[in-house]
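# Overview (structure and organization)
Now for the letters of each chain:
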Amino acid sequence: MIQIRGLTKIYDGVPVLSGIDLDIKKGERIAIIGPSGTGKSTLLRCLNFLETPEQGEYVLDGKSIDVQKAKASQIKEMRLRTAFVFQNYALFANKTARENIAEGLITVRGEAKETAFERADEILRDIGLADKADAYPASLSGGQQQRVGIGRAMANNSELMLVDEPTSALDPEWVDEVLQLLTRVAQARQTMLIVTHEMAFAKEIADRVLFMEGGRIVEQGPPEKIFTSPDDLRTRSFLRKVL
Amino acid sequence: MRALDLDYMLGLLPILLKYLPLTLGMASVSMILALLLASLFAIIRVVRLPVLDAATRVFISFFRGTPLLVQLFLFYYGLPQLFSFLTAIDGISAAIIGLTLHFSAYMAESIRAAILGVDRSQWEAAKSIGMSTGQMMRRILLPQAARVAAPTLINYFIDIIKSTSLAFTLGVTELMGAAQKEAAGSFLYFETFIVVAVIYWAVVESLAFVQTQIENRLSKAVNR
């Protein structure tokens, strides 16, 4: 569905991503694990053009986008095809839960307000927050905010959901409800790229696990293989520390 | 010290109040135009639009760096000498243009600071769902910036109301101009100008009530 070729991102002369190649198939759920500062989040942010990579190519349904020469229309297409779930939720502070979910449908996709709100209410029921439709983010708990954040990503029916450390900013008491929701989204075969430090969660939902270090994909494979008998020494030493 | 002529003051009040609508009208129109212009300047500066950014900076520097009275004289007495089509401009329009440009320069900086104060995550979330810069500004950043900038902007509105009194130097008979004429006839300068001062004061004080309403409305998203 999306092929990434030679993706390179450099911050202040230091490469954060060094020529990443990755093929994402439709319906595939990929978990990215690895130490902090190894480019996991940057990879997600580049796919959504929140960062402009220095080099590389995205291939969508056979059409190629050169990341350095991407036109505004191509950047928008990439953003419509991907939906981002942020570590810090990043809900629109001036909009209610319902409005947060409906905003993209109304403003970007040009849907009528009524149909967008109906869709938002449907999603709110689905994520168990129907009673919070008119609540502003400031009055929601961290867990509730992140569930709305996931709801916002679901609303756009994007082909690929990019989930960036969805529970890292949460108090421990809210982690479970967010992981449960994401598990449900994953079970519906939503194509996903998830950066996470929750290894049990990664094991449960992922079809494929990528281990990243130093801006490269060091090793990848099915979770049974990566978590039990990884080939690479670095993967082993990382997993020994976190498991 | 002589006694105040209270009868004169009481009689003067209704005469002067007739000019209050003009004062408030000039102030309101100037405020609305200045807000629109200032928002535009602020966005140009935040997004760093090439050429326009530099031009906006020069504009702001000039209108903040020179006295309002000088600007009003330039518009009303000066520019028509250069451009003959401007000779038809009346004092009220010249005052509104002057007040608008002058205060837009100040307000642009307040609005710019307020936009830059909105958390970066709001920009990223807006961009990530595919919003254009204009959509992001209109739907996400400006509404949030408005809450932060509101108290300062309302202060500028108070300043605009008081600054309309300078329009009398352009021959406009607004509140101050009318008072000037009354005083010239009665020679009771103290009585006349204390009545004018009280009228301005009362108007500004009643704005404090409006200010609370506006601020409450804008903060409904952050009140728990």
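Residues numbered from 1 in each chain as written. Chains lettered and ligands numbered in written order. Predicted model: local features only at pLDDT ≥ 70, side-chain atom pairs only at ≥ 80, totals over all residues. Heavy atoms only, no water.

### Quick word on the overall build of chain A
Within chain A one finds nine helices and ten strands. The C-alpha radius of gyration computed for chain A amounts to 18 Å, which stays within 12% of the reference 18 Å derived for 243 residues, consistent with globular compactness. Across its three principal axes, chain A shows a C-alpha extent of roughly 50 × 40 × 35 Å. Taking all 243 residues of chain A together, the buried fraction comes to 59%. Counting every atom, chain A has about 10200 Å² of accessible surface; 46% of that belongs to carbon and sulfur. Across chain A, the centroid of the 32 positively charged side chains sits 3 Å from that of the 35 negatively charged ones. (Helix = DSSP H or I, 4+ residues; strand = E, 2+ residues; numbered from the N terminus. Rg over C-alpha atoms; globule rule 2.2 N^0.38 Å. Buried < 20%, exposed > 50% of the residue type's maximum accessible area, 1.4 Å probe, protein only. Areas by Shrake-Rupley, 256 points an atom, 1.4 Å probe, with all protein chains shown as cover. Lys, Arg positive; Asp, Glu negative; His and termini not counted. Charge placed at Lys NZ, Arg CZ, Asp CG, Glu CD.)

### Here we look at the sheet that holds strand β1 (residues 2-11) of chain A
All names here are of chain A. The antiparallel open sheet is built from four strands, whose spatial order is β2-β1-β4-β5. Edge positions in the sheet fall to β2 (14-24) and β5 (63-66), since each of these pairs with one other strand and no more. Between one strand axis and the next, the sheet turns through 20° on average, direction left out of account. In the sheet, strand β4 (residues 55-60) pairs with β5 via four bridges, with the strands oriented antiparallel. (Pairing = 2+ DSSP bridges. Axes fitted to C-alpha atoms, helices over the stretch in contact; angles between N-to-C directions.)

### Considerations on the interface of chain A and chain B
Taken together, the 25 residues of chain A in the interface contact 19 residues of chain B. Of the roughly 2000 Å² buried where chain A meets chain B, counting both sides, 57% is carbon and sulfur surface. At the junction of chain A and chain B, the tally comes to two salt bridges. Glu124(B) is the salt-bridge partner of Arg45(A), the closest N and O atoms lying 2.6 Å from each other. Remark: the boundary between chain A and chain B carries ten residue pairs in polar contact (both at pLDDT 80 or more). For the side of chain A that touches chain B, the elements supplying multiple residues, two or more each, are α2 (72-81), β6 (82-85) and α3 (97-108) of chain A. If one sorts the elements of the side of chain A that touches chain B by residue count, α3(A) sits on top with four residues. (Contact = heavy atoms within 4.5 Å. Buried area = accessible area lost by both parts, 1.4 Å probe. Salt bridge = Lys/Arg side-chain N within 4 Å of Asp/Glu carboxyl O. Polar contact = N/O pair within 3.5 Å; in protein donor to acceptor, adjacent residues only side chain to side chain.)

### Side note on the packing of helix α5 (residues 91-117) of chain B against helix α7 (residues 133-163) of chain B
All names here are of chain B. Two numbers describe how α5 lies on α7: the axes approach to 8 Å, and their chain directions differ by 140°. Classed by the angle they form, the pair α5 and α7 counts as oblique. The two elements α5 and α7 meet at a crossing, and its hand is right-handed. Within the contact between the two elements, α5 uses Leu99, Phe103, Tyr106, Met107, Ser110, Ile111, Ala114 and Ile115 and α7 uses Met137, Leu141, Leu142, Ala145, Val148, Ala149, Thr152, Leu153, Tyr156, Asp159, Ile160 and Ser163. Partitioned by chemical class, the residues of the contact of α5 with α7 number 16 nonpolar, three polar and one charged. (Parallel < 35°, antiparallel > 145°, perpendicular 65-115°, else oblique. Left-handed = near helix turned anticlockwise from the far one by under 90°. Nonpolar A, V, L, I, M, F, W, Y, C, P; charged D, E, K, R; others polar.)

### Quick word on the environment of Phe157(B)
Residue and element names in this part refer to chain B. Relative to the helices and strands, Phe157 resides in helix α7. The buried category is assigned to Phe157, whose relative accessible area is 17%. In this structure, the C-alpha to C-alpha distance between Phe157 and Ala34, residues 123 residues apart in sequence, is 9.8 Å.

### Focus: the pairing of strand β8 (residues 191-195) of chain A
All names here are of chain A. For β8, a buried count of five out of five residues is recorded, marking the element as mostly surrounded by other parts of the structure. Across the two faces of β8 the burial is the same, with Thr191, Leu193 and Val195 and Met192 and Ile194 all buried. As defined by bridge partners, strand β3 (residues 29-33) adjoins β8 across four bridges and the pair is classed as parallel. Each residue of the ladder has a partner; that of Arg29, found in β8, is Met192. Pairing geometry for strand β7 (residues 160-164) and β8, over five bridges, is parallel.

### Regarding the sheet that holds β6(A)
Strands pair in a sheet through their backbones, by hydrogen bonds, and they do so in one of two ways: parallel or antiparallel. Residue and element names in this part refer to chain A. With mixed pairing, the six strands of this open sheet are ordered in space as β6-β7-β8-β3-β9-β10. Two strands bound the open sheet, and with one partner strand each, they are β6 and β10 (216-221). Averaged over neighbouring strand pairs, the angle between their axes works out to 20° when direction is ignored. Lying on the sheet, helix α6 (residues 172-187) is in contact with β3, β7 and β8; it crosses β8 at an angle near 145°.

### Remarks on the pattern of salt bridges
Residues and elements named next belong to chain A. A full pass over the atoms with the stated rule returns 24 salt bridges over all chains. Across the salt bridge formed by Asp231 and Lys225, the nearest N and O atoms sit 2.8 Å from each other. Of the residues examined, Asp231 reaches a relative accessible area of 54% and is grouped as exposed. Judged by relative accessible area, which is 30%, Lys225 ranks as partly exposed. Where Arg234 meets Asp232, a salt bridge forms, and the shortest distance between an N and an O atom there is 3.1 Å.

### Re the packing of helix α5 (residues 142-155) of chain A against α6(A)
Residues and elements named next belong to chain A. Packing of α5 against α6 brings their axes to within 8 Å, and their N-to-C directions diverge by 15°. Looking at the two axes, α5 sits roughly parallel to α6. Here α5 and α6 pass one another in a crossing that is right-handed. Of α6, the residues touching α5 (which contributes Gly142, Gly143, Gln144, Gln146, Arg147, Ile150 and Met154) are Trp174, Glu177, Val178, Leu181, Leu182 and Val185. For the contact of α5 with α6, the class distribution of residues is seven nonpolar, four polar and two charged.

### Description of the side chain of Asn94(A)
In this structure, Asn94(A) sits in the loop between β6 and α3. Overall, the relative accessible area of 16% leaves Asn94(A) in the buried class. Sequence-distant contacts of Asn94(A), that is, excluding residues within four places in its chain, are made with Glu99(A), Tyr136(A), Arg139(B), Ile140(B), Pro143(B), Gln144(B) and Ala221(B).

### What about the pairing of strand β9 (residues 208-213) of chain A?
Residues and elements named next belong to chain A. Within β9, five of the six residues are buried, which leaves it mostly tucked inside the rest of the structure. In this sheet, β9 lies alongside β3 in parallel orientation, the contact comprising four bridges. Residue pairing in the sheet places Ile32 in a bridge with Leu210 of β9. As paired elements, β9 and β10 share five bridges and run antiparallel to each other. Considered in β10, the bridge of Glu213 is made with Arg216.

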